[in-house]
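Residues per chain, in single letters:
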Amino acid sequence: MPSCGKEITQIEVTKMKKPHQIRLSFTEDPKEMAITWVTNDVTHHELVRYGLLESDLNFASTAISHQYKWHWNETEEEWYYTSGYIHEALLINLVPGRIHYYQIESNGEKSDKIKFIAAPEPGSDTPLSFFHVGDVGTFGTSVMVTNDIMERMKEKQFHGMIHCGDISYANKFNGSRPDKAEQKVWDTWGQMIEPVGSKLAYMVVPGNHELDIYDSTNENGTIYSKRFIMPGNERYFSFGVGMVYFVAVSTDESIDVNSTQGAWFKDVLTEANANREKYPWLVVYQHRPIYNSN
């Protein structure tokens, strides 16, 4: 493992046929779970089988698949980067609060059978367990934190992860990147957190490294939207899990009273306040702190 500030070796997705970078996420419906994964090719058979018993995966969901290319190299007359095939599927009619199992069939390969716990019923007083991280990247410290989370997951069943922005650092980081964002970093990060994200809902919100709206040659939210399945418009959104209502705010977009996000935020908080009997806990998360000294 590299030292704390050094990056781990970037992976090459063109050689990875088996489903990888597997990651779950909540939707606005507590009886659903979205799932995404990557392969180096695509077939006519891309789906997820799932159910309440590991021995009887009696439901199936077909995936949609897409791929993206990043920055044309005029000198070499080729793309700097071509992603693997990113697959997205939706698991529906889940039983609230119950453990489910799933297996991906994709690109002629199968994943392991993996388990997760569905969200409890809205308003349920079921205790919830979530992780919370931010500014992760693909450094030595990133691996240390991921390994620690994996160890904690062996002790109990967690419902989800809240990742408050600056996810992979695929764009420039202290001058260590080329002029164009290094997309392989996204693949490396996705594979690094798969042992976590494949077993619980991995909820994110963009930070400045994902939503650099002032630099069209770098990460400006486009790649974030291709890599993640979040509720709403995926940059700012809300969702309920048991007794908790989560609100994700995008701090690199305006949130004043006259902005689109500001109007949305006011409506969400008004609705949440009117539903405190169902959701007594309200959690707002974002990348940049509300108050800081710099």
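First, a word on what this report is: a plain description of the structure on this page. (Residues numbered from 1 in each chain as written. Predicted model: local features only at pLDDT ≥ 70, side-chain atom pairs only at ≥ 80, totals over all residues. Heavy atoms only, no water.)

The subject of this paragraph is the pairing of strand β16 (residues 244-248). Most of β16 is tucked away, with five of its five residues classed as buried. Sheet topology places strand β15 (residues 237-241) next to β16; five bridges connect them, and they run antiparallel. Pairing of Phe239 across the sheet is with Phe246, part of β16. Linking β15 to β16, which pair antiparallel, is a turn of two residues; within it Gly242 sits at a positive phi near 60°. As paired strands, β16 and strand β17 (residues 281-285) are joined by five bridges and run parallel to one another. (Buried < 20%, exposed > 50% of the residue type's maximum accessible area, 1.4 Å probe, protein only. Helix = DSSP H or I, 4+ residues; strand = E, 2+ residues; numbered from the N terminus. Pairing = 2+ DSSP bridges.)

Once that is clear, we can look at the layout of surface pockets. The calculated volume of the largest pocket comes to roughly 190 Å³. In terms of lining, the largest pocket is formed by 14 residues, of which the most central are Asp112, Lys113, Ile114, Glu194 and Lys199. Looking at the lining of the largest pocket, the elements with two or more residues in it are β11 (114-117) and α3 (194-197). Considered class by class, the residues forming the lining of the largest pocket number five nonpolar, two polar and seven charged. (1 Å grid on protein atoms, 1.4 Å probe; cavity = no way out; pocket = protein on both sides within 12 Å on 5 of 7 lines; lining within 4 Å. Points joined across faces, edges and corners; volume = space filled by probe spheres on them. Nonpolar A, V, L, I, M, F, W, Y, C, P; charged D, E, K, R; others polar.)

Turning our attention to a nonpolar patch on the surface. A contiguous nonpolar surface patch, about 210 Å² in accessible area, is contributed by Leu52, Leu53 and Val95. Tracing the backbone shows Leu53 in the loop between β3 (47-51) and β4 (59-62). (Patch = residues over 30% accessible without salt bridge, like charges linked within 9 Å, V, L, I, M, F, W, Y side chains within 5 Å. Areas by Shrake-Rupley, 256 points an atom, 1.4 Å probe, with all protein chains shown as cover. Salt bridge = Lys/Arg side-chain N within 4 Å of Asp/Glu carboxyl O.)

That's the geometry; what it means functionally is another story.
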